[in-house]
Amino acid sequence: MQQFARTFNFMNHNPQPSIQNKKDPGFSGLNPYQFGFKKPENYVFKSKKGLDKSTVEEISFHKSEPMWMREFRLKAYQIFVNKTMPMWGGDLSGIDFSNIFYYIKPTAQKANSWADLPPEIMDTYDRIGIPEAEKKYLAGVSAQYESEVVYKSIKESLQKQGVVFLDMDSGLREYPELVKEYFGTIIPAADNKFAALNSAVWSGGSFIYVPKGVKVELPLQAYFRINAANMGQFERTLIIADEDSYVHYVEGCTAPIYSTDSLHSAVVEIIVKKGARVRYTTIQNWSTNVYNLVTKRMRVSEEGVGEWVDGNLGSKLTMKYPSVYLVGRKARGEILSIAYAGKGQHQDAGGKAIHLASETSSKITSKSISKGGGRTSYRGLLHVIPSAKNVKSKVVCDALLLDRESRSDTYPTMRIQSQDVQIEHEATVSKIGDEQLFYLQSRGLTKELAEAMIVNGFIEPIARELPLEYAVEMNRLIQLQMEGSVG
Amino acid sequence: MGQKKNTSELYVKNLRVAIAEKEIVHGIDLTIKQGELHVVMGPNGSGKSTLTSALMGHPAYTVTADRISLGSKNLLELAPHARAQAGLLLAFQNPLAVPGVTVSSFLHTAYKELHPQKNSTALDFRKQLLVHAVTLKLEATYLRRSLNDGFSGGEKKKLEMLQLLVLEPKFVILDEIDTGLDVDALRLVSEGVKSLQKAGCGILLITHYQRILNYLQPDFVHILTHGQIIRQGGMELVKLIEEKGYAAVCPNF
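Residues numbered from 1 in each chain as written. Chains lettered and ligands numbered in written order. Predicted model: local features only at pLDDT ≥ 70, side-chain atom pairs only at ≥ 80, totals over all residues. Heavy atoms only, no water.

You'll find chain B entered in an unreviewed UniProt entry as FeS assembly ATPase SufC, with Candidatus Gottesmanbacteria bacterium GW2011_GWA1_43_11 given as the organism.

Next comes the structure, spelled out in structure tokens:
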């Protein structure tokens, strides 16, 4: 059995099935996949199921955190307990907080098994054509994405520029002052119940600091961050872009992320200082048992630019509204959101733009696709305070329904308290028409291919903003999902 | 007429078409050989567009026929894409827009579906496409635009012709390809019809007006009214209609 010598807790906050390499015929006799919790022998610490104060204390203890973080977690836990569940958005009644493992500290050595993965996930990896090394990473089978050579050169050039790119736990250890200054300032624990939960039990996520004037040319991708905790159940990301800097962070991937966790609740805080620009791209495709409840927010200072590109393909229910707080003059925010809901899925997604200064501008573009009884909702907020003058904003939300069983709703909230604003709002709901399908079919395309082509055309305005390989993968994936072969 | 299994024929026998249980086309026979140009003329509401959609396999219509075949292939039970793959293409009267899908990528996809054995590369296909675009005086920039999205009526019709030329069909149905075209565009589209014919394509041209026929020499002219072909002949029928209207050829008009 292949052993990975590096720590990696991608999706391993909970018990992970024991692992073997599919390519290694010597281990075919090991346990078949069981869709339940199974404790591997090599974890040194696992919290008990459910959450109470002692669990939070244990987590902090095992991470050897500074006192302030421990206090922060405990306070957040109290807020989580006191806050009621949101009564809007999707149906959250299926979440059982007492039936979740909140933390597992992985050992330095761990091994995983291909055979333990559900076959449909493997099948999808094959059909998307993901390289073997990456598959292992995605499946949580590998401790790392094996592109060390590439990574090393990137890492060196980043270090030379003074860029910090670490997992959040390491960030807290190595840059305690910087973390303390910003952590929880953009999204306080009291923001909402799930932000409070994340604040109490967070683990993993990314910590990025880009110094003044530094432009990071290549997108920073989570999978280059070797030997680090990655996305998990309660990951926490903090990005600080100092004045006039630039960084594009790409998180997640288009391949289905297999998780036995039923709850993913992340928090992403981004600080865009004067004249800086940050773009954050996520394409997520959680398995369809997952509640994906994420709070993402950017604070954008004078002449800064904050951009979210957010794609949600998987999960049972997603509630996610990336937001831009435009706090300085001429700050600009852009949110691009794509959602695909198939059978049994509800994507409640959108964006928020809060204009707190003059000459600020924002643009929200949302595209959603529903098929097979799936449901998409656009939920957005546009807020302009009275003192903000000469504000511009444009909101475009388009929904595409692929059949009669599917559903799409729009919940736009506009709170415009200033007179000096220029606001545009467009919303369309379209169906793939029989005539449109017939037209494409009459040129030799099967109905399925014709539908996929219409859908790809529909999301093209957002797909073209993605790094090429992501755009290609996303198109293929949506096509696969439409065939009903996934999820 | 007996059943023919000639590979170079589009054969239609006793075609009846109904929509919402109302029969619109009442038993039409047509035999079109490769390289032939057949014209169907008729007044508004005579069933011309119903005929074309039904031949292509539009799902909204209930179709019965003794036979619809292309060569040895029975089209009657085939889905629209399979009819296209058998070699039949339809130029739409009102082509539909597909935003976000470029003309060139759409046509390459279609070409690969229609001619899987040819292993067409994107580069080779693009060359072919450009050659045909030039003959229709369509600028190369059109090929990068979304399919029919924001195109003028005339541009859409030229694009339909471009598609027929590049997709190499055996038989084509042209549903009012001439409407909305100015004189120059009409001439270019007529040239397109001729070169299809020259390539051995059998053509069924549906039209309202004799205008396009000033540029073409049809082999057969069929007059369609009330869902039936009531007269068949040559150019003399077109001239008669031009001079005296449809009343001259159909007594019940």
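Now that the structure has been shown, we can carry on.
## Some details on the pattern of salt bridges
Here is the rule: Only one rule defines a salt bridge in this text: a Lys or Arg side-chain nitrogen within 4 Å of an Asp or Glu carboxyl oxygen. The buried label applies to any residue whose accessible area, calculated with a 1.4 Å probe on protein chains only, is under 20% of its type's maximum; exposed applies above 50%, and partly exposed to all values in between. Going along the chain from the N terminus, every DSSP run of H or I of four or more residues is numbered as a helix, and every run of E of two or more is numbered as a strand.
Under the counting rule described, the total for this entry stands at 26 salt bridges over all chains. Note that A:E460 and A:R464 form a salt bridge whose closest N and O atoms lie 3.9 Å from each other. Residue A:E460 is classed as partly exposed on the basis of its relative accessible area, which comes to 27%. Here B:K13 ties to B:D29 by a salt bridge, and the two come within 3.6 Å at their closest N and O atoms. One end of the pair, B:K13, is in strand 1 (residues 9-19); the other, B:D29, is in strand 2 (residues 22-33), with 16 residues separating them in the sequence. Exposure remark for B:D29: the relative accessible area of 35% places this residue in the partly exposed category.

## Considerations on the packing of helix 4 (residues 122-135) of chain B against helix 6 (residues 153-167) of chain B
Residue and element names in this part refer to chain B. Worth spelling out the cut-off: For helices, the fitted line uses only the C-alpha atoms of the stretch in contact; every axis is such a line through C-alpha atoms, and the angle between N-to-C directions lies from 0 to 180 degrees. If an angle is under 35 degrees, it is roughly parallel; if it is over 145, roughly antiparallel; if it lies from 65 to 115, roughly perpendicular; otherwise it is oblique. The sense of a crossing depends on the near helix, which, turned anticlockwise from the far helix by less than a right angle, makes the crossing left-handed and, turned clockwise, makes it right-handed. Working rule for contacts: check all heavy atoms of both residues, and any pair within 4.5 Å makes them a contact. As a working rule, the residues Ala, Val, Leu, Ile, Met, Phe, Trp, Tyr, Cys and Pro are called nonpolar, Asp, Glu, Lys and Arg charged, and the rest polar, with Gly in that last group.
Where helix 4 contacts helix 6, the axes come no closer than 10 Å and their chain directions differ by 130°. Between helix 4 and helix 6, the interaxial angle falls into the category oblique. Two packed elements cross with a definite hand, and for helix 4 against helix 6 that hand is right-handed. When helix 4 is examined against helix 6, the residues F125, Q128, L129, H132 and A133 are found in contact with a partner set consisting of L162, L165 and V166. Residue composition of the contact of helix 4 with helix 6, grouped by class: 6 nonpolar, 2 polar and no charged.

## Some points on the sheet that holds strand 10 (residues 171-175) of chain B
Residues and elements named next belong to chain B. This is how it is decided: Pairing between two strands is assigned when DSSP locates at least 2 bridges connecting them.
If you walk across this open sheet you meet the 6 strands as 7-10-11-3-12-13, and the pairing is mixed. At either margin of the open sheet sits one strand with a lone partner, and together these are strand 7 (88-91) and strand 13 (228-233). Ignoring which end each strand starts from, the neighbouring axes of this sheet average 20° apart. The pairing of strand 3 (residues 37-41) with strand 11 (residues 202-207) spans 5 bridges and is parallel. Each residue of the ladder has a partner; that of L37, found in strand 11, is I203.

## Considerations on the interface of chain A and chain B
What counts here: A 1.4 Å probe defines the accessible area here, and the buried area is the portion of it lost by two parts on being joined, summed over both. Pairing of N or O atoms within 3.5 Å defines a polar contact, subject to two protein rules: one partner must be a possible hydrogen donor and the other a possible acceptor, and residues neighboring in sequence count only if both atoms are side-chain atoms.
The partner chain B presents 31 residues to the 17 residues of chain A that form the contact. Across the interface of chain A and chain B, roughly 2,000 Å² is buried in total on both sides, 70% from carbon and sulfur atoms. Inspection of the region where chain A meets chain B yields 1 salt bridge. A salt bridge links A:R443 to B:E160, with the nearest nitrogen and oxygen atoms 2.9 Å apart. Connecting chain A to chain B are 10 residue pairs in polar contact (both at pLDDT 80 or more). When residues of the side of chain A that touches chain B are traced back to their parent elements, those giving at least two are helix 9 (434-441) and helix 10 (447-463) of chain A. Of the residues contributing to the side of chain A that touches chain B, the split by class is 8 nonpolar, 6 polar and 3 charged.

## Things to note about the side chain of A:R379
Residue and element names in this part refer to chain A. Structurally, the position occupied by R379 is in strand 18 (residues 375-384). Within the structure, the side chain of R379 is placed 2.7 Å from the side chain of D348, a separation counted as a polar contact. With near-sequence residues (within four places) excluded, R379 lies in contact with W88, G89, Y321, D348, A349, G350, G351 and Y411.

## A few points about the confidence of the model for chain B
All names here are of chain B. Selection criterion: The predictor's confidence in any single residue is recorded as pLDDT, a number from 0 to 100.
In this model, chain B carries an average pLDDT of 92, and 96% of its residues clear a pLDDT of 70 or more. Across residues 1-6, confidence stays below pLDDT 50; counting only partners more than four residues off in sequence or on other chains, it has 10 contacts. Model confidence for the complex is summarised by a pTM of 0.78, with the ipTM given as 0.95.

## Quick word on the side chain of B:K157
Applicable threshold: By the counting scheme adopted, Arg and Lys are positive, Glu and Asp are negative, and His together with the chain ends is not counted.
Of note, B:K157 is situated in helix 6. As a buried residue without a salt bridge, B:K157 has its nearest oppositely charged side chain in B:D178, at a separation of 6.2 Å.

## Details of empty space enclosed by the protein
Residues and elements named next belong to chain A. Rules: A cavity here means a set of points on a 1 Å grid, drawn over the protein atoms and nothing else, where a 1.4 Å probe fits but cannot get out; a pocket is an open set with protein on both sides within 12 Å along at least five of seven lines, and a residue lines either one if it has an atom within 4 Å of a point. Grid points are joined across faces, edges and corners, and a volume is the space filled by probe spheres set on the points.
Per the counting criterion, the structure on display carries 7 cavities of 30 Å³ or more. The calculated volume of the largest cavity comes to roughly 60 Å³. Surrounding the largest cavity, S366, S368, T376, S377, Y378, C397, D398, A399, S408, D409, T410 and T428 form its lining. Split into classes, the residues belonging to the lining of the largest cavity amount to 3 nonpolar, 7 polar and 2 charged.

## What to know about the nonpolar core
Note the following rule: Residues belong to one nonpolar core when they are buried, are Ala, Val, Leu, Ile, Met, Phe, Trp, Tyr or Cys, and are joined through side-chain atoms within 4.5 Å.
Formed by 116 residues in total, the largest nonpolar core has its most connected members in A:L440, A:M474, B:L15 and B:L174. The element best represented in this core is helix 10 of chain A, accounting for 10 residues. Listed in part, the 31 residues of the second largest apolar core include A:L158, A:V247, A:M298 and A:V395.

## Remarks on helix 4 of chain B
Residue and element names in this part refer to chain B. Selection criterion: One less than the number of residues in a helix, times 1.5 Å, gives the span that helix is expected to have. What the arc covers is the set of directions going from the helix axis to the C-beta atoms.
Compared with an ideal rise of 1.5 Å per residue, which puts 14 residues at 20 Å, helix 4 spans 20 Å between its outermost C-alpha atoms and is within 8% of the ideal. Taken together, the buried positions of helix 4 are occupied by F125, L129 and A133. For helix 4, the angular spread of the buried residues around the axis is 75°, confining them to a single face. The outward face of helix 4, more than 90 degrees from its buried face, is lined by the exposed residues L123, K127, V131 and V134. Those residues of helix 4 hidden inside the fold are in contact with helix 3 (103-114), helix 5 (140-143) and helix 6. One or two positions beyond helix 4, positive phi appears at K137, with a value near 55°.

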